[in-house]
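# Structure at a glance
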Amino acid sequence: MVWMDTRGVEMLTVDTVEHAVGFRSLEDEVAGEGLEVHGELPAWLTGSLVRTGPARFEVGDRSLAHWFDGLAMLHRFAFDGGRVTYSNRFLHSRAFEHAEQRNEIGYSEFATDPCRSIFARAQALFSPKLTDNGSVNVVRLGDETLALTETPLPVAFDAHTLETAGVTDWAERVPGQITIAHPHHDAETGEMLSYAAHLGPRNRYRLYAVAPGGALRVVADVPTDRPAYMHSFGLTERYAVLTEWPLVANPIKLALSGRPFIENYRWAPERGTRYTVIDRRDGSVRARVQGPATFAFHHVNGFERDGELLLDVSTYDDPRVIDLLYLDRIRAGAELPPATLRRHRVPLDGGDVTIEPLAEPVFELGRIDYGRRNGRDYRYAWGASDRGGAWLDSVVKLDVTGGDEPRWWFDDGCYPGEPVFVSDGEPDSGVLLSVVLDAPRDTSFLLVLDATTLEEVARAEVPHAIPFHFHGDYLRED
Ligand code: CO
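Now for a quick tour of the structure. Everything numeric in this text was worked out from a predicted model, so none of it was measured.

Moving on, we come to the overall build of the chain. Across its full length, the chain holds six helices and 38 strands. Relative to the compact-globule value of 23 Å for 478 residues, the chain shows a C-alpha radius of gyration of 21 Å, a close match. Along the longest, intermediate and shortest principal axes, the C-alpha atoms of the chain span 55 × 55 × 55 Å. Taking as baseline every contact in the chain between residues at least 6 positions apart, the subset at least 24 positions apart corresponds to 58%. For the chain, the computed accessible surface area is about 18800 Å², with 46% contributed by carbon and sulfur atoms. Taking the average place of the 48 positive charges on the side chains of the chain and the average place of its 74 negative ones, the gap between the two points comes to 6 Å.

If you walk through the whole model with that rule in mind, you get 36 salt bridges. A salt bridge links Arg367 to Asp473; the shortest N-O distance between them is 3.1 Å. In this pair, Arg367 is assigned in strand β29 (residues 364–367) and Asp473 in strand β38 (residues 471–475), connecting sequence segments 106 residues apart. What makes Asp473 partly exposed here is its relative accessible area of 28%. Residues Glu461 and Arg441 are paired through a salt bridge, measuring 3.5 Å at the closest nitrogen-oxygen approach. With Glu461 in strand β37 (residues 456–461) and Arg441 in the loop between β35 (430–438) and β36 (443–450), this pair connects stretches of sequence that are 20 residues apart. Several salt bridges converge on common partners, so that one network encompasses Arg51, Arg367, Glu418 and Asp473.

One finds Trp67 and Tyr229 to be the most contacted residues of the largest nonpolar core, which totals 70 residues. Trp67 has contacts with Phe23, Pro54, Phe57, Leu325, Leu327, Trp391, Phe468, His469 and Phe470, leaving out every residue within four places of it along the chain.

The next subject is the environment of Ala339. Within the element layout of this structure, Ala339 appears in the loop between α5 (327–331) and β27 (340–347). A relative accessible area of 2% places Ala339 in the buried class. Between the C-alpha atom of Ala339 and that of Ile368, which follows or precedes it by 29 residues, the distance is 17 Å.

Attention now goes to the coordination of the cobalt ion. Within the protein, His182 (NE2), His231 (NE2), His298 (NE2) and His471 (NE2) serve as the donor atoms for the cobalt ion, at 2.0 to 2.1 Å. If you look at the cobalt ion, its four donor atoms make angles of 90 to 162° with each other, and the shape they trace is irregular. Between consecutive donor residues of the cobalt ion, the sequence gaps follow H-x48-H-x66-H-x172-H. Remark: His471 occurs in strand β38 and His182 occurs in the loop between β14 (178–179) and β15 (184–185); sequence separation between them is 289 residues. Both residues of the pair, His182 and His471, belong to the buried class.

Moving on: unusual backbone geometry. The phi angle at Asn103 is positive, at roughly 60°, despite the residue not being glycine. Take Asn103: it is sitting in the loop between α1 (94–102) and α2 (116–121). Even without being a glycine, Leu365 presents a positive backbone phi close to 55°. Note that Leu365 resides in strand β29. Note on Leu365: relative accessible area 12%, which makes it buried.

Quick notes on the rules
Residues numbered from 1 in each chain as written. Predicted model: local features only at pLDDT ≥ 70, side-chain atom pairs only at ≥ 80, totals over all residues. Heavy atoms only, no water. Helix = DSSP H or I, 4+ residues; strand = E, 2+ residues; numbered from the N terminus. Rg over C-alpha atoms; globule rule 2.2 N^0.38 Å. Contact = heavy atoms within 4.5 Å. Areas by Shrake-Rupley, 256 points an atom, 1.4 Å probe, with all protein chains shown as cover. Lys, Arg positive; Asp, Glu negative; His and termini not counted. Charge placed at Lys NZ, Arg CZ, Asp CG, Glu CD. Salt bridge = Lys/Arg side-chain N within 4 Å of Asp/Glu carboxyl O. Buried < 20%, exposed > 50% of the residue type's maximum accessible area, 1.4 Å probe, protein only. Core = buried A, V, L, I, M, F, W, Y, C linked by side-chain atoms within 4.5 Å. Donors = N, O, S within 2.8 Å, 3.2 Å for Na, K, Ca; no water. Tetrahedral: all angles 85-135°; square planar, octahedral: opposite > 155°, others 65-115°.

And the structure:
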């Protein structure tokens with residue numbers, strides 16, 4: 001049974017939504033707690049999985065509006081000799097400190113504005129009130145471990161103690177007001193490659209590279225009339241690709257509308273999607289081509305083949321998913337539209353982009369054998385999926401060549417997050433690490449799967465339920 005809310009969104013008519021516990025605030029913090037392990041952790045697993053995600057959804061008497069708005073918490077699973085310890089700690093960003101000390105929302109988040117009095121003094125986007133709430137992703141750049149969100153304010157923290165150091169020094173050199181939390185790693189140069197939107201009288205997309213130590217260079221500078229909401233970008237060995245889904249903002253409204261960030265973006269399907277292909281060697285635009293209107297958060301991989309550029313993306317038909325991830329809806333069991341892995345074929349010498357499905361299952365939060373396969377032809381991708389429910393409830397392995405049938409892991413009442421691939425040294429071989437919410441038991445566990453078979457290798461019980469979170473990475477040298 002479903003019913004429609006006031007904006008025509010379908011809601012489930014159930015008294016309690018099983019997975020809603022994944023959107024409840026977590027206040028407990030623990031440090032280096034040994035976890036009970038069922039099964040056997042591989043002896044070669046000696047690094048740490050470090051993740052970030054929203055964990056506090058209320059400040060003072062206000063609730064944050066959207067899943068993406070919650071105050072960030074870091075989680076660390078450290079492996080050694082078949083054992084694992086767990087730590088978690090709030091990221092002490094300026095946004096968090098303000099909330100702690102003043103008991104009010106002080107910064108603009110994705111879909112929540114600060115309290116009125118602050119907002120009146122400083123307008124959202126072009127003010128010093130840009131949030132540094134690094135709830136989306138964790139990356140390592142040289143000696144720095146950074147928590148990222150979509151503002152140019154990466155927050156450095158200690159990868160062992162999870163103690164916050166503060167906004168990194170090179171933040172002031174990021175060439176724009178909006179960036180992404182999904183940079184790529186350039187294995188050849190050791191640089192972090194990302195893009196920023198610079199808004200002003202003339203709007204630009206700027207591809208930029210940051211070297212370990214913080215030296216920053218602009219690789220390419222491309223004009224745009226209306227900046228698109230982009231959460232990640234495509235990369236091949238030679239090219240970087242901006243995929244401008246037609247969810248676009250008038251930059252003046254972004255600065256002056258007085259509305260939360262994402263509410264300034266409008267779905268304009270008549271624009272189609274614009275693919276800007278940038279040559280990474282000299283920053284020149286190799287092609288700017290059109291395709292059907294679609295929306296995505298996550299590029300999974302990209303590569304070149306026979307004069308075409310192929311981008312495999314977890315693709316939605318439209319951006320409705322953003323509307324459905326407001327906390328009031330998602331806690332009430334709003335059913336999400338499916339993302340599936342689709343191949344966007346980008347011709348480099350004329351013609352339009354075409355899109356073809358690669359596999360049937362829902363596919364989000366995808367990972368690959370990144371060190372070996374990123375930007376190159378590949379075969380396997382791992383992601384979170386659902387088997388027809390209202391939330392991601394399984395892990396799936398896809399063969400993008402269509403050779404093997406999908407493989408699955410699932411368990412009753414369990415909701416796995418992003419499965420992070422960790423190589424054992426052989427291509428596409430190793431384990432997947434996923435933090436799973438066990439809703440009926442009101443707790444979480446770390447799941448270790450064999451990446452080849454998707455059989456369960458081990459699970460380690462966490463002392464509390466970890467709210468649904470986004471991304472992180474496995475840090476090897478630890
Ligand atoms: Co993401």
